[in-house]
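Remarks on the overall topology
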Amino acid sequence: MTVQEDGLSGEAYPTVFNRATQLQRVLFTQDDDFLAEGSRRQAESVSFSGVIYAYQWRVSIGKCVQDLEIIAKASFPEELADRVIYLPL
């Protein structure tokens, strides 16, 4: 599900994090500001469902899809919670 599909386009990052956590979904992003929000939550021990980050100009969409599929098949949601994961360059 995209932010647009969920009606959250343009909402503040904390709102998007809270919604993903409510839905028990890990966020995938190429937006650096989500990294800052994830780091803030980690530092303040505020639980969230997890963030997977890919550098926008350094990784192809196809590679992101491959990596996300592997993560989805090889992990459980609770293993991704409260973590910021970087996809390889």
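The coordinates are above.
Right, let's walk through the structure included here. (Residues numbered from 1 in each chain as written. Predicted model: local features only at pLDDT ≥ 70, side-chain atom pairs only at ≥ 80, totals over all residues. Heavy atoms only, no water.)

1. Quick look at the nonpolar core
Among the nonpolar cores identified, the biggest contains ten residues, and these are Val16, Phe17, Ala20, Leu27, Phe34, Leu35, Phe48, Val51, Tyr53 and Val84. The set of elements that each furnish at least two residues to this core consists of α1 (13-23), α2 (32-43) and β2 (51-53). Per-element accounting of this core gives the leading share, three residues, to α1. If near-sequence neighbours (up to four positions away) are discounted, Phe34 is found in contact with Tyr13, Val16, Phe17, Leu27 and Thr29. Ranked by size, the runner-up nonpolar core spans eight residues in total, among them Ala54, Cys64, Ile71 and Leu87. (Core = buried A, V, L, I, M, F, W, Y, C linked by side-chain atoms within 4.5 Å. Buried < 20%, exposed > 50% of the residue type's maximum accessible area, 1.4 Å probe, protein only. Helix = DSSP H or I, 4+ residues; strand = E, 2+ residues; numbered from the N terminus. Contact = heavy atoms within 4.5 Å.)

2. Describing the packing of aromatic side chains
Within this structure, the stated rule accounts for six aromatic pairs. Measuring from ring centre to ring centre gives 5.5 Å for Phe17 and Phe48, while their planes differ by 65°; the resulting arrangement is edge-to-face. Pair noted here: Phe17 is in helix α1 and Phe48 is in the loop between α2 and β2, with a separation of 31 residues, a long-range link. Taking the relative accessible area as the measure of exposure, Phe17 reaches 1% and is therefore buried. Three or more aromatic residues joined by ring pairs form one cluster here, namely Tyr13, Phe17, Phe34 and Phe48. (Phe/Tyr/Trp six-rings, centres within 6.5 Å; stacked < 30°, edge-to-face > 60°.)

3. Side note on the packing of α1 against α2
Taken N-terminus to C-terminus, the directions of α1 and α2 make an angle of 70°; their axes are 10 Å apart at the nearest point. For the element pair α1 / α2, the angle class is roughly perpendicular. With respect to the hand of their crossing, α1 and α2 are arranged in right-handed fashion. Facing Tyr13, Pro14, Val16, Phe17 and Asn18 of α1, the residues of α2 in contact are Asp33, Phe34, Glu37, Gly38 and Arg41. Class assignment for the residues of the contact of α1 with α2 results in five nonpolar, two polar and three charged. (Axes fitted to C-alpha atoms, helices over the stretch in contact; angles between N-to-C directions. Parallel < 35°, antiparallel > 145°, perpendicular 65-115°, else oblique. Left-handed = near helix turned anticlockwise from the far one by under 90°. Nonpolar A, V, L, I, M, F, W, Y, C, P; charged D, E, K, R; others polar.)

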